[in-house]
Amino acid sequence: MNSLQITTLEGSSVAIDIATIEEFTTGLRGPSFLQGDPEYDEARIIWNGSTDKHPAIILQCSGAADVIDAVNFARRHELLVAIRGGGHNVAGNAVCEGGVVIDLSNMNSVRVDANARRAYVGGGALLGDVDRETQVFGLAAPLGVVSLTGVAGLTLCGGLGYLRRKHGMACDALLSVDMVTADGNLVTASNTENPDFFWGIRGGGGNFGVVTSFEFELYPVGPTVTLCAPFYPINENTEELVRSWRDFMSKAPEEITSNCLFWSVPAHPNFPEELHGIPVVIPAVIHIGDVEDAAEILQPMRELGDPILDLSGPLPYVGLQTAFDPLFVKGERQNYWKSLYLDSLDDAAIGNIVNRARGRPDPWSLIALWHLGGAMNRVAPSDTALGERSANYLLSFDTSWTDPADNKSAIAWTRDAWAEMQAFSRGGIYLNFPGEGEEGESLLRASYGSDNYDRLVELKTKFDPANLFRLNQNILPGK
Ligand SMILES: Cc1cc2nc3c(=O)[nH]c(=O)nc-3n(C[C@H](O)[C@H](O)[C@H](O)COP(=O)(O)OP(=O)(O)OC[C@H]3O[C@@H](n4cnc5c(N)ncnc54)[C@H](O)[C@@H]3O)c2cc1C
């Protein structure tokens, strides 16, 4: 083999001499993998088992210098580029067919300055890396709820976790980033340095560059928090139960965060075998305040019926953050997700959700109703690119199934369920959740809001006019 065929930005293919590629890769500090290398398959697999892409070359960068070289190489040869942080994005944009993957998974260092309550986090770190290093000081950054998710993708499109009501979203706790831009420069962006970039990356995803390091503000959390997680079988009382959860959460202090989950008891050794597969509603509530008070405050949620299982009780914050990990295994299942915001939950909306919960295409398919509000909703929509800050709920259809033969029907079910719920929504989606496919400009505009979207297009036109960073919720540069 004298040359390697690599997919270009425009979708055609170009032959690059192996000598040229070797000269480039031997200059990198981190390893790189081509098809046929023993490490290649492991390096191309990401969380969503539906994604089966074969990049021409995977560059596992060791630091900002590798990222700069990788961006310059891709830009000079006009190659299709994917950026991989934690590899958890359901749309599968962390890898690409025939192109170049800039993989940051080895850049996962976390340094904490406990006195200043700051964490400096590598662009490929996972949430668990941050929790491990921050919790030793009784601190936490407001990230997501599964510890194997990447900090980068999650933060750049918002970032919702158990601290959202008390401390805001991940992007709200961001103080600065180091980022390699499309022209190969390493820039720092914060409220005072390159503020345009800083505005754009807090919601605008990977559209503007490759983030090599994040600086987060930290907050005192735990180390013990309280979980309330009764599993109620889905039955004729479920709609009433959801109304009670809604009313409880509407008066809850900001130390309390909740997702109401419509699921089936997972067929996993962590759960009693005789319960596997029973459809359940779980009003999962987290209290991050005083552990002494929490049990009494959360008790009403444990008395909404006869739970078949109850996981409630105090637990370490790190234990809470890793509790879901065994149930969301990398590469194991097919996934397609889609979400929408809701201002309120009236009887008709609840009726539809419960009806959909009964008809989920697979017991592992989850419907999650995220209660929002508090600190995350006090940020003005124009303060960060993210936009949406007023909805009280996020409804997410996290459809998951095993057999690829069911892809068509499972995806169609998700789209139908989402379309049916549009009657209750102002439009727009949470851009961290969509599956592969059909988002497009009008949905992005609705999600960011028109003013923010126009500003994002301006930024993209100025800083990435060739759209080098296009494998994301892509903001198209203007002409
Ligand atoms: C099991 C599971 C649980 C989840 N839980 C939550 C949750 O609790 N809260 C929540 O808000 N979301 C959650 N998500 C959604 C998650 O935030 C997104 O999937 C996010 O994109 C994951 O980030 P990643 O770095 O792992 O993804 P990747 O697939 O690696 O990256 C996604 C995209 O982000 C961009 N990107 C990644 N790294 C960089 C970088 N260093 N610089 C610039 N751009 C980059 C690229 O455009 C890339 O295509 C969850 C997803 C899964 C699968």
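Anything mentioned here points back to the structure above.
The rules behind these values
Residues numbered from 1 in each chain as written. Predicted model: local features only at pLDDT ≥ 70, side-chain atom pairs only at ≥ 80, totals over all residues. Heavy atoms only, no water. Helix = DSSP H or I, 4+ residues; strand = E, 2+ residues; numbered from the N terminus. Rg over C-alpha atoms; globule rule 2.2 N^0.38 Å. Buried < 20%, exposed > 50% of the residue type's maximum accessible area, 1.4 Å probe, protein only. Contact = heavy atoms within 4.5 Å. Areas by Shrake-Rupley, 256 points an atom, 1.4 Å probe, with all protein chains shown as cover. Pairing = 2+ DSSP bridges. Axes fitted to C-alpha atoms, helices over the stretch in contact; angles between N-to-C directions. Parallel < 35°, antiparallel > 145°, perpendicular 65-115°, else oblique. Left-handed = near helix turned anticlockwise from the far one by under 90°. Nonpolar A, V, L, I, M, F, W, Y, C, P; charged D, E, K, R; others polar. Phe/Tyr/Trp six-rings, centres within 6.5 Å; stacked < 30°, edge-to-face > 60°. Lys NZ or Arg CZ within 6 Å of the ring centre and 35° of its normal. Near = heavy atom within 4 Å. Polar contact = N/O pair within 3.5 Å; in protein donor to acceptor, adjacent residues only side chain to side chain.

Peer 1: What am I meant to see in the overall build of the protein chain here?
Peer 2: A count of helical and extended segments in the protein chain gives 14 helices and 22 strands. Computed over C-alpha atoms, the radius of gyration of the protein chain comes to 22 Å, within 12% of the 23 Å expected from 2.2 N^0.38 for 479 residues, which places it in the range of a compact globule. In terms of overall dimensions, the protein chain has C-alpha extents of about 70 × 55 × 40 Å along its principal axes. Taken across its 479 residues, the protein chain has 58% of its residues classed as buried. Restricting to contacts in the protein chain with at least 6 residues of sequence separation, those with at least 24 account for 73%. Total accessible area on the protein chain is roughly 18600 Å²; 49% of this is exposed by carbon and sulfur atoms.

Peer 1: In this structure, what is going on with the sheet that holds strand β6 (residues 100-103)? I would like to understand it.
Peer 2: With mixed pairing, the four strands of this open sheet are ordered in space as β3-β4-β6-β5. Edge positions in the sheet fall to β3 (32-34) and β5 (81-84), since each has one partner strand and no second. Strand-to-strand twist in this sheet, taken as the mean axis angle between neighbours without regard to direction, amounts to 20 degrees. Of the pairings in the sheet, the one linking β3 to strand β4 (residues 57-60) comprises three bridges and is antiparallel in character. What sits directly across from F33, in β4, is I58.

Peer 1: Any chance you could explain the packing of helix α8 (residues 238-250) against helix α11 (residues 347-358) here in plain terms?
Peer 2: Each pair of packed helices can be summarised by the angle the axes make with each other and by the distance between the axes. As a packed pair, α8 and α11 sit with axes 10 Å apart at the nearest point and diverge in direction by 125 degrees. Of the possible angle classes, the one that applies to α8 and α11 is oblique. Crossing angle aside, the handedness with which α8 passes α11 is right-handed. Across the interface between the two elements, T238, E239, V242, R243 and R246 from α8 touch D347, I350, G351 and V354 from α11. Class assignment for the residues of the contact of α8 with α11 results in three nonpolar, two polar and four charged.

Peer 1: Explain the packing of aromatic side chains to me, please; I cannot follow it from the model alone.
Peer 2: The geometry of an aromatic ring pair is captured by the separation of the ring centres together with the interplanar angle, meaning the angle of the planes. Tallied over the entire structure, the rule returns 16 aromatic pairs. Seen from their ring centres, F214 and F216 are 5.9 Å apart, and the 15 degrees between their planes marks the pair as stacked. With respect to class, F214 is no different from F216; both count as buried. Ring centres of W263 and F324 lie 6.3 Å apart, and the angle between their planes is 45 degrees; on these two criteria the pair is classed as tilted. One end of the pair, W263, is in strand β16 (residues 256-264); the other, F324, is in the loop between α10 (317-322) and β20 (334-342), with 61 residues separating them in the sequence. Relative accessible area serves as the criterion here: at 3%, W263 is assigned to the buried category. Taken together through their ring pairs, the aromatic side chains of W47, W263, F324, F328, W337, W364, W370, Y430 and F433 make up a single cluster. In this arrangement the basic side chain of K338 is found over the ring face of W418, its NZ or CZ atom lying 4.4 Å from the centre. Lying over the aromatic face of W199, R455 brings its terminal NZ or CZ to 3.9 Å of the ring centre.

Peer 1: When you look at the site of the ligand in this model, what are you seeing that I'm missing?
Peer 2: What surrounds the ligand is a group of 35 residues, the closest being G85, G87, N89, L160 and Y430. Taking G87, its main chain carries an N or O atom lying 2.7 Å from an oxygen atom of the ligand. In this structure, G150 approaches the ligand through a main-chain N or O atom, which is 2.8 Å from an oxygen atom. When the ligand is considered free in solution it has 950 Å² of accessible area, and contact with the protein chains removes 98% of it. Among the secondary structure elements, those contributing two or more residues to the shell around the ligand are β5, α5 (151-156) and β12 (210-217). Ranked by the residues each element gives to the shell around the ligand, the list is headed by α5, at four residues. Among the residues making up the shell around the ligand, the classes are represented as 18 nonpolar, 16 polar and one charged.

Peer 1: In this structure, what is going on with the pairing of β6? I would like to understand it.
Peer 2: In summary, the side chains of a regular strand alternate between the two faces of the sheet. Residues of β6 alternate between two faces, with V100 and I102 on one and V101 and D103 on the opposite face, all of them buried. Summarising the sheet, β4 and β6 pair through four bridges and their orientation is parallel. Paired with L59 across the bridge in β6 is I102.

This is a description of form; function is not addressed.
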